[in-house]
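A structural walkthrough
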Amino acid sequence: MGWEALGQWGDDAARIEPLSGGIANDVWSVRVHGRLAVGRLGARSAADLAWETELLGHLDREGLAVPLPIPTKDGRLFADGLTVMTYVEGGPPETDADWRRVADTLRRLHRLTQGWPQRPGWRSSTDLLHAETGTKVDLTAMPPEGVARCRAAWARLIGRQTCVVHGNPNNPGNIRMTADRVTLIDWDEARVDVPDLDMALPHNAAGLSSGALDIATQASAAWEAAVCWDDEYAIKRLAEVRAV
């Protein structure tokens, strides 16, 4: 249906301008009920979007700052592949102290979502030790040597407890900070996985030991290579994963 679906949020709902950062989706600032918001149009299934919107509602109720879905006129949290979220004020993290606040926020996310069900159609990094596909990951498209390197990195995560991971928190554009809160935005890559994958942050803001940081950094680079393969960024990330 495309952006005509925005009319389900009201007769005055309108797009304003495209926003940067959307790769898998078309992301725009929109105006709904006279308020600035963010619309995201993509090809995700209803089950996938239900998982994401339920997660955000849970985190909000637990006091974690997140963008919230704005319902349609008839109360749905998404329609025809479109979600409309509250606009979040703030800027990206800039200092070491900022990134430490991000690390603390991620730890809260991980504590609040232990035992959460997997996002429909997704697989965790350790699932991909045996599976070859899951949502945007298709290991059959990668060079076999690259797959071996990624799996070697993920094998170091075996046995760890899983929870919801944000999926891309080391991108400053996915964080909005003010003096009193840290908000993680863009939950399009969130899934259930090992929390280490969220903790390979700039400046080692999570305070990991050298060994733990190496595990997190290698596993994260391997995931980003696999999920984006084979664009320029994915090739760069794969080059950071050690040979077996």
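Scroll up for the structure.
From a predicted model like this one, the values you see are computed outputs, not experimental measurements.

Regarding the pattern of salt bridges
Tallied over the full model, the rule gives 16 salt bridges. Here D214 makes a salt bridge to R156, at a shortest N to O gap of 2.9 Å. Of this pair, D214 sits in helix α4 (residues 210-228) while R156 sits in the loop between α3 (144-155) and β7 (163-165); the two residues are 58 residues apart in sequence, bridging distant segments of the chain. Accessibility expressed as a relative area gives 24% for D214, which makes it partly exposed. Judged by its relative accessible area of 33%, R156 falls in the partly exposed class. Here R191 ties to D193 by a salt bridge, and the two come within 3.0 Å at their closest N and O atoms. Here the salt bridges do not stand alone but share partners, grouping R40, R44, D48, E52, R119 and D188 into one network.

Observations regarding helix α5 (residues 232-239)
Restricting attention to buried positions, one finds in α5 the residues A234, R237 and L238. Taken around the axis of α5, the buried residues stretch over an arc of 100 degrees, which confines them to a single face. Facing away from the buried side of α5, by more than 90 degrees, are the exposed residues E232, K236 and A239. Its buried side turned inward, α5 meets α3 and α4. Of the residues flanking the start of α5, the one acting as N-cap is D231, its side-chain oxygen 3.2 Å from the backbone nitrogen of Y233.

Here's the deal with the packing of α4 against α5
Look at α4 against α5: their axes get within 8 Å of each other, and the N-to-C directions meet at 150 degrees. On the basis of the axis angle, α4 is roughly antiparallel to α5. The crossing of α4 and α5 is left-handed. Contacts between α4 and α5 pair S220, A221, E224, A225 and C228 from the former with Y233, A234, R237 and L238 from the latter. Residue composition of the contact of α4 with α5, grouped by class: 6 nonpolar, 1 polar and 2 charged.

With respect to unusual backbone geometry
Between W229 and the following residue, D230, the backbone shows a cis peptide bond with an omega angle of 5 degrees. With respect to the helices and strands, the residue D230 is situated in the loop between α4 and α5. Unlike most non-glycine residues, D186 shows phi in positive territory, near 55 degrees.

Regarding the pairing of strand β3 (residues 35-41)
In terms of burial, β3 is a largely internal element, 5 of the 7 residues being buried. Bridge count between strand β2 (residues 26-32) and β3: 7 bridges; the pairing is antiparallel. Paired with V27 across the bridge in β3 is R40. Pairing geometry for β3 and strand β4 (residues 82-86), over 5 bridges, is antiparallel. Residue R40 lies in a different strand from β4, and its bridge partner there is T83.

Rules used throughout
Residues numbered from 1 in each chain as written. Predicted model: local features only at pLDDT ≥ 70, side-chain atom pairs only at ≥ 80, totals over all residues. Heavy atoms only, no water. Salt bridge = Lys/Arg side-chain N within 4 Å of Asp/Glu carboxyl O. Helix = DSSP H or I, 4+ residues; strand = E, 2+ residues; numbered from the N terminus. Buried < 20%, exposed > 50% of the residue type's maximum accessible area, 1.4 Å probe, protein only. Arc of directions from axis to C-beta. Contact = heavy atoms within 4.5 Å. Polar contact = N/O pair within 3.5 Å; in protein donor to acceptor, adjacent residues only side chain to side chain. Axes fitted to C-alpha atoms, helices over the stretch in contact; angles between N-to-C directions. Parallel < 35°, antiparallel > 145°, perpendicular 65-115°, else oblique. Left-handed = near helix turned anticlockwise from the far one by under 90°. Nonpolar A, V, L, I, M, F, W, Y, C, P; charged D, E, K, R; others polar. Pairing = 2+ DSSP bridges.

That is the geometry; function is a separate question.
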